[in-house]
Amino acid sequence: MSTVSRSGTMSRPRRAWRNWAGNITSRPHREISPASVDELADAVRQAAEDGRRVKAVGTGHSFTSAATTDGVLIRPELLTGIRAIDRAAGTVTVLAGTPLKRLNRALAREGLSLTNMGDIMEQTVAGATSTGTHGTGRDSGSLSAQIVGLELVTADGSVLRCSAKGTAEERAVFAAARIGIGALGVVTALTFAVEPIFLLTAREAPMSFDQVTAEFDQHVAENEHFEFYWFPHTNNCSTKRNNRSAGPEDPVGRLSGWFEDEFLSNGVFQAANSLGRAVPPAIPSIAKISSRALSARTYTDIPYKVFTSPRRVRFMEMEYAIDRSALVETLRELRAMVDRSPLRISFPVEVRTAPADDITLSTASGRETAYIAVHMYRGMPYQAYFTAAERIFTAHGGRPHWGKVHTRDAEYLASVYPRFGEFTALRDRLDPERLFGNDYLRRVLGA
Ligand SMILES: Cc1cc2nc3c(=O)[nH]c(=O)nc-3n(C[C@H](O)[C@H](O)[C@H](O)COP(=O)(O)OP(=O)(O)OC[C@H]3O[C@@H](n4cnc5c(N)ncnc54)[C@H](O)[C@@H]3O)c2cc1C
């Protein structure tokens, strides 16, 4: 049964929480849905008094246990909406629980857009940025790299606002909290840089693995957003190049959009994966057929319609960020490993890029980055594949996505993040009692 406190905060007793992929469950002591920053701050103070830990959650799209807690779970549903749009400054301030799809649509109605985004827009703004959610870009970085101001409730219940300006401590918080993994406080609002809405032309085309790896640097240099998928057990890749366009708008036709996105990419893909799960030896043949089924197409639309698409096929995912100069060698090692092994992989491997950024624990912190993501269809054993892939990624100094499957601990992470100690020192100052701690943070940040 739900209860409503005097301030109006919804509070519910213990019930199980489960993430999108279904691999993580947690049993919070209680969960609350604050409707204002004041209510949230009260809840944090109350939890501290009760000796309970606190964890805010988004939409549970992380594959790691980053959002689990045995204490008070703060749900995002009532802390949503746009707080302010400043056209002169080119910014939007949005409450932490706002789903990215709501933000994107609201911005489009105002003639505005984010510069870059990831593959989907189901996540909340705070959840997505807390783990460093990114798309692909030559000049533009992750969602977190587009944050210009941030507000969070810290362990003593006070509200801290920070940006690249301000006191040294506020600047230190800004450097770290844009990708805070929930460790520094509960984010209540984010200010993003936005720009007048623009058009992007997407060119999707099949290409061989040999060609795409030989020309990788050239494709990255020549396109604002380049990414590709490689289909294991084949020499086939599907490439996507997105660049700004003067128009005219030429969206994916309703029928071909339905055919390519819903039927081929989701419907047929679901059927192919189910067949592969039932008959793993058939996977290489299925991969050859399905990787050829995606044909070339070009379309022009507003950014979020080009960057994102629905993902209905459930999967498990690991993603590592490596120095961009090591991409081709690392990917060739991954391919050789798959070819040598008895593994049968029905899901394509995704490759994206990001420019270096200045966020303390960003996977792109201080270096030009390429991402390699490996996936496994839900219900198929993924451990052997991910373990073998992770061995290759870590040999190249890879940094795991904070929200995707990995086995790294604080000792390893300190060796690949030059500013790791800066983050943990800030955490010691802001949350000495580990009010926002959980098992995941103990593993990746240390006690
Ligand atoms: C289908 C699918 C597609 C994806 N595509 C991409 C992609 O293209 N690029 C990419 O980089 N990642 C991608 N991801 C990963 C996903 O974007 C991240 O895991 C993201 O963190 C999920 O956001 P969420 O709102 O579900 O947050 P959750 O998973 O619920 O939480 C993530 C973290 O944020 C913390 N958190 C949430 N709210 C707050 C708050 N208010 N204050 C402080 N901490 C908070 C939680 O405690 C937790 O540590 C994808 C995942 C899925 C399942």
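A quick note: this is a predicted structure, and the numbers were derived from the prediction, not measured.

Asker: Tell me about the side chain of Thr 124, and please be specific about residues and values.
Answerer: With respect to the secondary-structure elements, Thr 124 resides in the loop between strand 10 (112-113) and helix 3 (125-130). Owing to a relative accessible area of 2%, Thr 124 belongs among the buried residues under this scheme. Among the polar contacts made by the side chain of Thr 124, one reaches the main-chain amide nitrogen of Gly 127 at a distance of 2.9 Å. Ignoring any residue separated from it by four or fewer positions in sequence, one finds Thr 124 in contact with Gly 58, Thr 59, Pro 76, Ala 96, Gly 97, Thr 98, Pro 99 and Leu 100.

Asker: Could you give an account of the site of the ligand, naming the residues involved and the relevant values?
Answerer: Not every one of the 35 residues close to the ligand is listed here, only the nearest: Ala 56, Thr 59, His 61, Ser 62 and Thr 131. Between the ligand and Thr 124, the relevant distance is 2.9 Å, taken from an oxygen atom to a side-chain nitrogen or oxygen of the residue. A distance of 2.9 Å separates an oxygen atom of the ligand from a polar atom in the side chain of Arg 352. Alone, the ligand offers 980 Å² of accessible surface; in the complex the protein occludes 97% of this. Secondary-structure elements contributing two or more residues to the shell around the ligand are strand 6 (54-56), helix 3 and strand 13 (186-193). At four residues, the largest contribution of residues to the shell around the ligand is made by helix 3. Of the residues contributing to the shell around the ligand, the split by class is 14 nonpolar, 17 polar and four charged. Three or more residues apiece are contributed to the shell around the ligand by two domains, here domain 1 (82-196) and domain 2 (199-301 + 313-407).

Asker: Give me the lowdown on the sheet that holds strand 13, citing residues and values where you can.
Answerer: On the basis of which strands lie adjacent, the open sheet formed by five strands has the order 8-9-13-11-12 and antiparallel pairing. The sheet is open, and its two edges are formed by strand 8 (82-86) and strand 12 (159-163), each paired on a single side. Strand-to-strand, the axes of this sheet are offset by a mean angle of 15°, without reference to chain direction. Both strand 9 (residues 91-95) and strand 13 contribute to a ladder of five bridges, which runs antiparallel. The residue of strand 13 that forms the bridge with Thr 93 is Thr 191. Against the sheet, helix 1 (residues 37-50) makes contact with strand 8, strand 11 (147-153), strand 12 and strand 13, and its axis sits at roughly 50° relative to strand 11, the strand it touches most.

Asker: A description of the domain arrangement of the protein should follow, citing residues and the corresponding values.
Answerer: How large an interface is tends to be reported as the accessible area lost when its parts come together. Domain boundaries assigned for the protein yield domain 1 (82-196) and domain 2 (199-301 + 313-407). Each partner contributes to the interface: domain 1 provides 23 residues, whereas domain 2 provides 26 residues. Between domain 1 and domain 2, roughly 2,000 Å² of surface is buried when both sides are summed, and carbon and sulfur atoms account for 50% of that area. The three residues of domain 1 that bury the most area against domain 2 are His 134, Thr 136 and Arg 138, which together make up 37% of that side's buried surface. We note a salt bridge from Arg 244 to Glu 195, for which the minimum N-O separation is 2.9 Å. Here domain 1 and domain 2 share 13 residue pairs in polar contact (both at pLDDT 80 or more) between them. Class assignment for the residues of the side of domain 1 that touches domain 2 results in five nonpolar, 13 polar and five charged.

Parameters and conventions
Residues numbered from 1 in each chain as written. Predicted model: local features only at pLDDT ≥ 70, side-chain atom pairs only at ≥ 80, totals over all residues. Heavy atoms only, no water. Helix = DSSP H or I, 4+ residues; strand = E, 2+ residues; numbered from the N terminus. Buried < 20%, exposed > 50% of the residue type's maximum accessible area, 1.4 Å probe, protein only. Polar contact = N/O pair within 3.5 Å; in protein donor to acceptor, adjacent residues only side chain to side chain. Contact = heavy atoms within 4.5 Å. Near = heavy atom within 4 Å. Areas by Shrake-Rupley, 256 points an atom, 1.4 Å probe, with all protein chains shown as cover. Nonpolar A, V, L, I, M, F, W, Y, C, P; charged D, E, K, R; others polar. Domains from an automatic or database assignment. Pairing = 2+ DSSP bridges. Axes fitted to C-alpha atoms, helices over the stretch in contact; angles between N-to-C directions. Buried area = accessible area lost by both parts, 1.4 Å probe. Salt bridge = Lys/Arg side-chain N within 4 Å of Asp/Glu carboxyl O.

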